[in-house]
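Structural description and commentary
If you want the building blocks of each chain, they are given just below.
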Number of protein chains: 2
Amino acid sequence: MQQSFPMNGGDGPHSYLNNSHFQRQAINVSRTMIEEAIAKKLDVKCFSSNPFRLADLGCSVGPNTFIAMQHIVEAVERKYLAQGLKSEMPEFQVFFNDHVANDFNTLFASLPTERRYFACGVPGSFHGRLFPESSIHFMFSSHALHWLSKVPEELLDKNSPAWNRGRIHYTSGPEKVSHAYAAQFEHDMEIFLSARAKELVVGGMIVLLIPALPNGIPISQSPFGAMFDLLGASLMDMAKEGLISEAEVDSFNLPIHIASPEQMTELVERNECLIIERMEFVDPRSNLFGLINGKECAMFLRASLEGVFAQYFESGIIDQLFDRLSKKIMESSHQLEPVGTLLFVVLRLK
Amino acid sequence: MQQSFPMNGGDGPHSYLNNSHFQRQAINVSRTMIEEAIAKKLDVKCFSSNPFRLADLGCSVGPNTFIAMQHIVEAVERKYLAQGLKSEMPEFQVFFNDHVANDFNTLFASLPTERRYFACGVPGSFHGRLFPESSIHFMFSSHALHWLSKVPEELLDKNSPAWNRGRIHYTSGPEKVSHAYAAQFEHDMEIFLSARAKELVVGGMIVLLIPALPNGIPISQSPFGAMFDLLGASLMDMAKEGLISEAEVDSFNLPIHIASPEQMTELVERNECLIIERMEFVDPRSNLFGLINGKECAMFLRASLEGVFAQYFESGIIDQLFDRLSKKIMESSHQLEPVGTLLFVVLRLK
């Protein structure tokens with residue numbers, strides 16, 4: 001059974017819509033890389049002309065997805081022009097995909113009125129098939145593939161060496177816990193890549209933006225790990241004060257895995273249809289983390305993670321949890337220096 | 001500016017989801033007709049094999065749309081088998097279309113898990129383009145095309161002969177009011193048919209189920225007219241009791257037009273790309289109206305019409321309005337004898 005953890009819906013103060021500047025900045029920073037991939041590597045001549053279909057996998061509620069889709073449409077249009085195919089310029093159809101529980105009503109209500117594409121919403125997990133065979137020309141996924149389809153089962157078994165006592169993530173945990181997370185991620189990615197390979201048109205392209213760490217850097221030395229440790233510590237503080245029980249913290253685990261280029265390369269190579277066209281970190285000088293303070297950082301994490309906590313803990317603790325996190329981040333900001341954290345991956349069919 | 005009047009969302013006691021038995025019965029009654037049209041007239045051999053795309057225009061929130069789409073998918077599968085094309089059986093992709101304000105979250109949450117198609121939601125008015133050119137193989141629209149894209153403007157002008165004093169519809173009104181409604185309907189249908197003709201694949205089919213009246217039958221002699229008159233009379237009673245103002249009733253008009261086969265034929269003929277393959281009333285012996293009592297009838301109307309009233313009147317009056325309607329229907333049930341009320345239309349490209 002897959003689990004679903006949508007970003008916060010609506011347009012309120014804790015909504016993803018109002019707390020996703022970080023992801024937006026990442027999309028802007030990677031814009032040139034996407035344009036370059038389309039200009040150099042997308043062979044539009046091999047497509048039957050009409051329409052050009054693109055998909056955003058794990059789109060959440062906007063506005064980031066609209067910005068990204070517009071960039072891609074414009075880059076593809078330029079490619080058609082550059083190839084002298086002005087008369088064959090296709091119409092565009094964009095498929096916005098996310099979990100069934102995503103707030104599609106908000107997504108649809110905020111669609112740009114001036115868009116140059118036909119819009120569709122596609123409800124369902126991208127850890128499975130979403131589209132007919134050979135029907136999508138360009139697939140994009142940003143800040144979504146680090147979500148596991150579920151918490152690895154071993155973590156919930158008190159008698160397993162992967163029982164994750166006093167923590168909510170594999171950061172700073174025993175090796176067996178990391179292994180369980182990695183195995184789940186590999187399983188999920190295999191399904192993801194196999195589904196996408198079937199859905200992609202020959203000559204089509206997949207662009208992924210994935211939170212990741214350079215090979216050999218342990219997560220505990222990264223901003224990701226620091227955040228997860230601080231979240232765990234905040235919960236443990238609350239358990240010590242009797243606001244929640246320690247047993248609750250023991251059996252709660254964040255279904256998020258941070259991959260490395262090595263791991264991603266191996267997973268793509270296991271798939272027999274796809275090859276890596278490009279894989280590199282988004283320029284770390286873009287300093288993605290540098291611009292936000294402790295409170296903003298906690299708000300950003302809340303918009304993404306509140307759903308996971310709210311499914312498990314009583315809703316009354318959510319405000320406190322993120323208030324405590326905000327304070328802890330401010331106390332420990334030296335741990336949040338930017339490192340290469342966002343991996344840009346271009347895939348195509350062999 | 002187009003107006004949007006979605007059916008009641010959610011799954012509460014007044015929801016469309018729980019008050020659309022009538023439309024469901026209509027879909028079941030017309031099932032054989034749809035199957036016959038597909039079996040006899042849909043030339044699947046002329047489609048490039050994969051996928052087969054179908055659309056429900058004005059789908060609302062289910063479950064009717066799921067039932068209809070499943071019938072159509074099964075009928076198309078049988079057609080492929082009957083033509084000896086088992087090895088070319090396509091995958092199916094269904095586009096569920098309705099206004100942006102439709103409750104797509106509820107629609108997506110209630111999608112059948114065992115469906116044999118890939119599902120998409122398409123937000124936007126069908127009085128305009130929704131899909132890329134030549135991309136849809138089968139279009140369906142049930143109980144939706146009688147909604148006008150907006151209230152005709154003349155009705156809101158006190159100095160116009162089409163000022164509709166003391167009524168909320170053209171039923172029992174002056175001729176100028178009927179003309180304004182008919183002109184709006186014709187304008188809307190022209191746009192609808194022209195958009196669909198562009199979107200339909202060569203060899204594709206359009207099936208419409210439209211509330212309609214036989215040629216020459218005035219709406220005042222029909223169950224539709226009776227309902228609209230009773231709704232109007234309920235509002236006027238409330239105005240007389242001072243619960244609302246008469247001026248409010250004067251300037252409120254239901255954006256619903258009931259067409260005739262003659263009018264529909266003329267409109268399709270005006271379109272240069274489409275022809276009528278079949279047009280007839282759904283068997284009146286199916287007695288669509290006969291099975292519901294006054295309260296059920298008021299509930300059914302509320303699920304469809306509450307949105308229009310709620311945009312205009314204060315929400316406090318809605319309960320009373322439909323209570324009064326329910327009583328008036330029971331007092332006047334002799335007016336609600338079934339007549340041919342649902343027109344079945346099959347169109348295809350020339």
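Check the entry above for the structure.
Let us look at the structure shown here. Treat the numbers as computed from the prediction; the structure is a model and nothing was measured.

1. Overview of the relation of the copies chain A and chain B
Mapping chain A onto chain B is achieved by rotating through 180° and translating by 0.0 Å along the same axis, at an RMSD of 0.0 Å. The transformation just described matches what one would write down for a two-fold rotation axis. Relative to the rotation axis, the C-alpha of A:G121 is the closest in chain A, positioned 2.4 Å from it. Same-surface contact between copies: 100% of interface residues of chain A are shared with the interface of chain B.

2. What about the packing of aromatic side chains?
On inspection of all chains with the given rule, the structure shows 31 aromatic pairs over all chains. For the ring pair A:F104 and A:F108, a centre distance of 6.0 Å and an interplane angle of 55° mean the geometry is tilted. Taken as a pair, A:F104 and A:F108 lie in helix 3 (residues 104-109) at a separation of four residues, close to a single helical turn. Each ring, one from B:F252 and one from B:F313, has its centre 5.2 Å from the other, and the planes form 55°; the classification is tilted.

3. Overview of the side chain of A:R324
Residue and element names in this part refer to chain A. Positionally, R324 belongs in helix 9 (residues 318-331). On the accessibility criterion, R324 (19% relative accessible area) is buried. Separated by 2.8 Å, the side chains of R324 and E241 make a polar contact. Setting aside chain neighbours within four positions, we find R324 in contact with S234, D237, M238, E241 and L243.

4. A short note on the environment of B:R270
Residues and elements named next belong to chain B. Its place among the elements puts R270 in helix 7 (residues 261-270). Looking at R270, the relative accessible area reads 39%, which means it is partly exposed. Separated by 132 residues in the primary sequence, R270 and F138 have C-alpha atoms spaced 21 Å apart.

5. Topic: the interface of chain A and chain B
Often the size quoted for an interface is simply the accessible area lost on bringing the parts together. At the interface, 27 residues of chain A touch 27 residues of chain B. Between chain A and chain B, roughly 2100 Å² of surface is buried when both sides are summed, and carbon and sulfur atoms account for 58% of that area. The tally of links between chain A and chain B comes to two salt bridges. Counting every contact that joins chain A to chain B gives ten residue pairs in polar contact (both at pLDDT 80 or more). Counting only elements with at least two residues in the side of chain A that touches chain B, the list comes to strand 2 (92-98), helix 3 and strand 3 (118-123) of chain A.

6. Some remarks on the pattern of salt bridges
Residue and element names in this part refer to chain A. A complete count under the given rule lists 44 salt bridges over all chains for this structure. Linking E74 and R116 is a salt bridge whose minimum nitrogen-to-oxygen distance equals 3.3 Å. Placement of the pair is E74 in helix 2 (residues 64-82) and R116 in the loop between helix 3 and strand 3, with a sequence separation of 42 residues.

Basis of the calculations
All residue numbers here refer to positions counted from 1 along the written sequence of the relevant chain. Following the order in which they are written, the chains are lettered starting with A and the ligands numbered starting with 1. Under the rules for a predicted model, residues below a pLDDT of 70 receive no local features and side-chain atom pairs below 80 are neither given nor counted, while totals for whole chains, interfaces and linings still include all residues. Values shown for side chains rest on all heavy atoms present in the structure; no hydrogens or waters enter the calculation. A least-squares superposition brings the copies together, and it is based on the C-alpha atoms of residues with pLDDT no lower than 70 in both. Working rule for contacts: check all heavy atoms of both residues, and any pair within 4.5 Å makes them a contact. Note on ring pairs: Phe, Tyr and Trp rings are taken, using the six-membered ring of Trp, and paired if centres are within 6.5 Å. Classes follow the plane angle, with under 30 degrees stacked, over 60 edge-to-face and the rest tilted. To qualify as a helix, a DSSP run of H or I must reach at least 4 residues; to qualify as a strand, a run of E must reach at least 2; elements of each kind are numbered from the N terminus. Relative accessibility decides the category of a residue: with a 1.4 Å probe and only protein chains considered, values under 20% of the type maximum give buried, values over 50% give exposed, and everything between is partly exposed. Counted as a polar contact is a pair of N or O atoms within 3.5 Å, where, for protein atoms, one must be capable of donating a hydrogen and the other of accepting one, and residues adjacent in sequence contribute only when both atoms are in side chains. A simple way to read buried area is as the amount of 1.4 Å-probe accessible surface that goes missing from two parts once joined, with both sides added. Here, a salt bridge means any side-chain nitrogen of Lys or Arg that lies within 4 Å of a carboxyl oxygen of Asp or Glu.

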